[in-house]
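Listed below are the residues making up each chain.
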Amino acid sequence: LCGSHHHPDECVVHLAMNDQPRGSSTALTRGTECTPEYPFEREIEIEPPQECFVCHSTLVPENGDGAHLTCGNADCGGNVYGKLMTWVEEVKVMQLGPANVNALINHGITDPIKLYKAEEHTLCIALNSDKLGERAFNNIQATRTLTLDLFLSALAIPSLGTTNGKRIAQHF
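Quick look at the structure, then. Bear in mind that the values here come from a model prediction, so they are computed numbers and not experimental data.

## Side note on unusual backbone geometry
Alright, step 1. Backbone geometry at H56 places phi at a positive 70 degrees, although glycine is not the residue there.
Alright, step 2. When you line up the elements, H56 lands in the loop between helix 1 (11-17) and strand 1 (59-61).
Alright, step 3. Located in the positive-phi region is Q95, a residue other than glycine, with phi close to 80 degrees.
Alright, step 4. In this fold, Q95 is placed in the loop between helix 2 (77-91) and helix 3 (98-106).

Written out as structure tokens, the structure is:
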């Protein structure tokens, strides 16, 4: 595994950004960066997954380039979780980490609209705590007013992160 600060799955992206030719053999060292070293003794063909590991739907290219695969099922639990978690992280709703987001999804709060429509008692039940539900409710209400760039980046649209959200917002 790579010893750098990013997730091991990102090593492929990092190597691609270092202009490694497609199909080249590369070894990763444990250090501060992913760096090519010596070719492996033997090459191993790695096949990309064909189906989503959550709902088993067929994976589709995210941007048509084939470099990133995503589940094409909008109702997939992984997609629902990913989009709601992106929203919560981008707008910085305190008290809602991964476990609490899963608890909300299990109680039918599956998108930002439902998150903002949820009443305090619903959050208390979903989070199994009156105190946590009250704090979560207050933190959600505190994020009702957003700048356009933050709103756009929080929507979890592929290739539309913070930087592109700011670029688009500058035109309005």
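## Some thoughts on the nonpolar core
Alright, step 1. With 24 residues, the main nonpolar core has L96, V101, L104, L115, L123, L127 and I140 as its most contacted residues.
Alright, step 2. A per-element tally of this core places helix 2 first, with six residues.

## Some remarks on helix 3
Alright, step 1. Turning to helix 3, its buried residues are N100, V101, A103, L104 and I105.
Alright, step 2. At its buried positions, helix 3 is contacted by helix 2, helix 4 (112-117), helix 5 (120-127) and helix 6 (130-141).

The rules behind the values
Residues numbered from 1 in each chain as written. Predicted model: local features only at pLDDT ≥ 70, side-chain atom pairs only at ≥ 80, totals over all residues. Heavy atoms only, no water. Helix = DSSP H or I, 4+ residues; strand = E, 2+ residues; numbered from the N terminus. Core = buried A, V, L, I, M, F, W, Y, C linked by side-chain atoms within 4.5 Å. Buried < 20%, exposed > 50% of the residue type's maximum accessible area, 1.4 Å probe, protein only. Contact = heavy atoms within 4.5 Å.

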